[in-house]
Amino acid sequence: MALPGDPLYDTAALRAIEASALAGQADPAILMQRAGRAGWQMARRCWPDARRIAVVCGPGNNGGDGYVLALQALQAGMDVRVVRLESQAPRTEAAQAMCAAFETAGGRIVHFDGALPAADLVIDALFGIGLSRAPDDATTALIEAISGHGAPVLALDTPSGLSADRGSVAGAAVVATRTLQFLAPQLGLRTGDGPDHAGALSLDTLGIARTCVTDARPAARRVDTHDLAHWLKPRRRNAHKGRHGRVLCIGGDHSTGGAVLLAAGAALRAGAGLVEVATQGAHVAPLLARWPEAMVRRTDNVSALAGAFEAADVVALGPGLGRGAWGHTLFEETLDAATANDRPLVLDADALNLLAARPRTLPAGVVLTPHPGEAARLLGVDTADIQRDRPAAVRALAARWNAVVVLKGAGSLVCAPGGVPWLIDAGNPGMATGGMGDVLTGIIAALRAQGHGAEDAAVCAALLHAVAGDRAAAQGGERGLLPGDLIDILRACANPGAHA
Ligand SMILES: NC(=O)C1=CN([C@@H]2O[C@H](COP(=O)(O)OP(=O)(O)OC[C@H]3O[C@@H](n4cnc5c(N)ncnc54)[C@H](O)[C@@H]3O)[C@@H](O)[C@H]2O)[C@@H](O)CC1
Ligand SMILES: Nc1ncnc2c1ncn2[C@@H]1O[C@H](COP(=O)(O)OP(=O)(O)O)[C@@H](O)[C@H]1O
Ligand SMILES: [K+]
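Residues numbered from 1 in each chain as written. Chains lettered and ligands numbered in written order. Predicted model: local features only at pLDDT ≥ 70, side-chain atom pairs only at ≥ 80, totals over all residues.

Under the annotation held in an unreviewed UniProt entry, the protein chain carries the name Bifunctional NAD(P)H-hydrate repair enzyme and is attributed to Luteimonas terrae. Note on the protein chain: under the UniProt heading Subunit (unreviewed entry), the record states "Homotetramer." (UniProt positions renumbered as here; feature names shortened; annotations may be inferred.)

Below, the structure is given as structure tokens:
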């Protein structure tokens, strides 16, 4: 069956796509010409009333695209200014030719003196995929002037300063209203800092042959709400609860009992056949009051769980587990028992912190769900290192722990060992609320219990979680969104047809 979703690319792949598109072309500037024209058409379509256009051009071919756009705007009768740093005259032959054509047509170029001219639209053609270092002070001032101008900003290819590969900003990056990508979509615009800087996304393939793109190696596959149906098929009419698996959720030390309650509720709403919870005695009654469908038992150690362990199809360990003696004991014993009983595991929250502190070989088929802080502990680096290059981090985590990893946060990434990451193109900052991750853990466990493999369950669950977050936010707004709101809406999202 065809893979769901659409490929996203990194800079190396985009360079290969460009080279293959240009092979045999008589005019090496043909793509630059098309890119600048596409930029101007997009500007006209989105901002038809804009008359004064400021085009900020950098020293490379992204600047070249800007000069082409500026010439198009000039020829359309607009009031156009190209703005650049004195030190950033065009350096490539193609960009120099486009700059010369603009000047020959009477176009005006001004050096940046701390402020951009008055304009109805600012074009960001400073850097594209060729960004190679953090901007210096003068360039930072120019970037800040673009973002702070007040007029809408159309970024050509990439918002300048954002890494198209990593989705991170070293220093400063343009905050664009819209970004028009060229040739093929970039991974870095969709994760980490990408969405905050890129604004609305468009793509122009510049008329190249499809095979130039399909021959390139994707850096990730993007999935969104339309892809849920790939995994969430209608149930067989002859189904019974035994077919939909039994989830055992372990966690909820004193003071964090709500975490395992949320995981259990999410597992139920994501369609697990049976959900059992092992937690501290004090949490048994409240958990049963909220979810009478769950089977709840007080647990001091795993031997108290022997029967439950054998019956479970998947074990979710971590929500509210804590790092005290209780959590330590359950962590070690659960991993031993899961290995001995060959039970699929989902590890989250303090189970990840305990794993980082006491590394051990994991059994096959484990799913880890770190947020960037937990991911940093699992790799022995800082959180900033994870966020600097989320795609590399998720690949490294999957390889280091031989597990499927969900790296959470804006533009969550899911990766199996040696695989191409999946980019979850859904979710919103309303989900940055305590307990949201516990809901995800419950969903993954439920899908695993319903027969999905580790990678399928992780991708589908991360997508379902994010789609539910978007639906809940659409109903009541992002601020104040609670994990319980997601659980309430999960059923509507988890059934084919409900998410058309
Ligand atoms: N790759 C492609 O397929 C196509 C590329 N085109 C455009 O060309 C762009 C790539 O062009 P380039 O490879 O010339 O790269 P860029 O124009 O993105 O930037 C490279 C230039 O900026 C300088 N530079 C990089 N980081 C800097 C920093 N922090 N401070 C100051 N200077 C810095 C480099 O020394 C170099 O001169 C694409 O993003 C796109 O806009 C289009 O013309 C059409 C097709
Ligand atoms: N800005 C955001 N955009 C999209 N999703 C987000 C954002 N912030 C958080 N989330 C999602 O919300 C969940 C938060 O999980 P986590 O940080 O583990 O919270 P907790 O430990 O409190 O349960 C993750 O699935 C994450 O991807
Ligand atoms: K740009």
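1. As for the site of ligand 2
Taken together, 18 residues form the shell around ligand 2, and within it Lys-408, Gly-427, Met-431, Met-436 and Gly-437 come nearest. Among the elements that line the shell around ligand 2, the one with the most residues is helix 17 (residues 436-449), at 4 residues. Its residues assigned to classes, the shell around ligand 2 comprises 7 nonpolar, 9 polar and 2 charged. (Near = placed C-beta within 6 Å. Helix = DSSP H or I, 4+ residues; strand = E, 2+ residues; numbered from the N terminus. Nonpolar A, V, L, I, M, F, W, Y, C, P; charged D, E, K, R; others polar.)

2. Quick word on the domain arrangement of the protein chain
Domain boundaries assigned for the protein chain yield domain 1 (8-218) and domain 2 (226-493). The C-alpha centroid of domain 2 is placed 41 Å from the C-alpha centroid of domain 1. Tallying the contact residues gives 11 residues for domain 1 and 11 residues for domain 2. Within the side of domain 1 that touches domain 2, the residues separate by chemical class into 4 nonpolar, 5 polar and 2 charged. (Domains from an automatic or database assignment. Contact = placed C-beta atoms within 7 Å.)

3. Brief notes about the UniProt feature "domain: YjeF N-terminal" (unreviewed entry) in the protein chain
UniProt records the feature "domain: YjeF N-terminal" (unreviewed entry) at residues 14-214, using the numbering of this structure. Between the C-alpha atoms that bound residues 14-214 there is a distance of 11 Å. The span itself is 37% helix and 17% strand.

4. Quick notes on helix 18 (residues 454-476)
The periodicity of an α-helix, 3.6 residues per turn, causes residues three or four places apart in sequence to face the same way. With 23 residues, helix 18 extends 33 Å between its outermost C-alpha atoms, agreeing within 8% with the 33 Å of an ideal straight helix rising 1.5 Å per residue. Looking at the residues trailing helix 18, positive phi occurs at Gly-477, about 95°. (Expected span 1.5 Å × (residues − 1).)

5. Focus: the pairing of strand 6 (residues 153-156)
On strand 6, burial covers both faces: Val-153 and Ala-155 on one face and Leu-154 and Leu-156 on the other are all buried. Pairing geometry for strand 5 (residues 121-125) and strand 6, over 3 bridges, is parallel. Bridge pairing links Asp-124 to Ala-155 in strand 6. With helix 5 (residues 137-147) bridging strand 5 and the parallel strand 6, this β-α-β connection has right-handed handedness. Two strands pair when backbone bridges link them, and strand 6 and strand 7 (residues 178-182) are joined in this way by 3 bridges, in the parallel orientation. Within strand 7, the residue paired with Leu-154 across the bridge is Arg-178. (Buried ≥ 20, exposed ≤ 12 C-beta atoms within 10 Å, placed from the backbone. Pairing = 2+ DSSP bridges. Right-handed = clockwise from strand over helix to strand, strands pointing away.)

6. A few points about the packing of helix 17 against helix 19 (residues 483-493)
Between helix 17 and helix 19, the least distance of the axes is 8 Å, while the angle of their chain directions is 30°. By the angle between their axes, helix 17 is roughly parallel relative to helix 19. The hand of the helix 17/helix 19 crossing is right-handed. Residues Met-436, Asp-438 and Val-439 of helix 17 lie in contact with helix 19, whose contacting residues are Pro-483, Leu-486 and Ile-487. (Axes fitted to C-alpha atoms, helices over the stretch in contact; angles between N-to-C directions. Parallel < 35°, antiparallel > 145°, perpendicular 65-115°, else oblique. Left-handed = near helix turned anticlockwise from the far one by under 90°.)

7. Structural notes on the sheet that holds strand 5
An order of 4-3-2-5-6-7-8 is seen for the 7 strands of this open sheet, with the pairing classed as parallel. A strand with exactly one partner marks an edge of an open sheet, and here the two such strands are strand 4 (108-111) and strand 8 (200-204). Between one strand axis and the next, the sheet turns by 25° as a mean value, whatever way the strands run.

8. Here we look at the confidence of the model for the protein chain
When the pLDDT values of the protein chain are averaged, the result is 96; 99% of them are 70 or greater. For this predicted complex, the interface score ipTM comes out at 0.93, while the overall pTM is 0.96. (pLDDT = per-residue confidence, 0-100.)

9. Side note on the sheet that holds strand 13 (residues 314-317)
Taken together, 11 strands build an open sheet; the order of strands is 1-9-18-17-16-15-14-13-10-11-12 and the sheet is mixed. The open sheet has two free edges, formed respectively by strand 1 (6-8) and strand 12 (295-298), since each of these has just one partner strand. Where strand 17 (residues 413-415) and strand 18 (residues 422-424) come together, 2 bridges link them in antiparallel fashion. Along strand 18, the bridge assignment pairs Val-414 with Trp-422. Here helix 18 sits on the sheet in contact with strand 9 (220-223), strand 15 (367-368), strand 16 (404-407), strand 17 and strand 18, set at roughly 15° to strand 16.

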